[in-house]
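Close look at the chain arrangement
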Amino acid sequence: MATAISALRVWQNFLISGVPDSQAPAACAAIEALGLGTSANALRAGLVACTGNTGCKFAASDTKRHADEIAAWCETRVAIDSPVNIHLTGCHHSCAQHFISEIGLLACKVQESEDGDQVEGYHILVGGGFGANAALGRELYRDVKAVDAPRTVERHPQGLRRQPHIAPGSFLDFAGRYDDATLKAMCDREAAA
């Protein structure tokens, strides 16, 4: 199992075939004991993270851990009907393709003190898409500390929920209807609410 898991890349899942229905609960329990999920809510279903600095010398932050923190924070606070693609990538190589994600996070180091101390952080982009909706994400926030990323990401779907004229679950449409300044102002109002 460990060999198959280490070979996984972003945008991939693995399938285990041939499990009889009667054994499915036991198989799910065994998979979950490994720390892997067998189902995903709408928020986690669109979440992608590159290896991050735990396995890549180029990455500026621990993208896997931060993705889990974003999901844990948002899934209890944001009700969404369909997945919003949230991609965290650790460096300019963009293995998690943050530029074409509805909400993309590009890792960076954020200066924390005048002495030059740095912490893990992200530049946050919105409005990326692929296929028929191809677009590059627009940067709304720079140098967001990783500890603040979950709350910052939460503002975007919350802003969507407060727009009654936009169909539920169409975050890409929501982000595309507003210029950067308006979208940022709407998201900042969510922080104050």
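Above: the structure in question.
Keep in mind it's a predicted model, so treat the numbers as computed, not measured. (Residues numbered from 1 in each chain as written. Predicted model: local features only at pLDDT ≥ 70, side-chain atom pairs only at ≥ 80, totals over all residues. Heavy atoms only, no water.)

The next thing to look at is the sheet that holds strand S3 (residues 103-111). Taking strand neighbours across the sheet as the criterion, the five strands line up as S1-S2-S3-S4-S5 in an open arrangement whose pairing is mixed. Because the sheet does not close on itself, it has two edges, and the strands there are strand S1 (47-49) and strand S5 (138-145). Across this sheet, the average inter-strand angle for adjacent strands is 20°, counted without regard to direction. (Pairing = 2+ DSSP bridges. Helix = DSSP H or I, 4+ residues; strand = E, 2+ residues; numbered from the N terminus. Axes fitted to C-alpha atoms, helices over the stretch in contact; angles between N-to-C directions.)

A complete count under the given rule lists eight salt bridges for this structure. Note that Asp-180 and Arg-138 form a salt bridge whose closest N and O atoms lie 2.5 Å from each other. Pair noted here: Asp-180 is in helix H7 (residues 180-192) and Arg-138 is in strand S5, with a separation of 42 residues, a long-range link. Taking relative accessible area as the criterion, Asp-180 reaches 31% and is therefore assigned partly exposed. One salt bridge in this structure joins Arg-142 and Glu-139, with 3.1 Å as the shortest N-O distance. Under the relative-accessibility criterion, Glu-139 is labelled partly exposed at 35%. (Salt bridge = Lys/Arg side-chain N within 4 Å of Asp/Glu carboxyl O. Buried < 20%, exposed > 50% of the residue type's maximum accessible area, 1.4 Å probe, protein only.)

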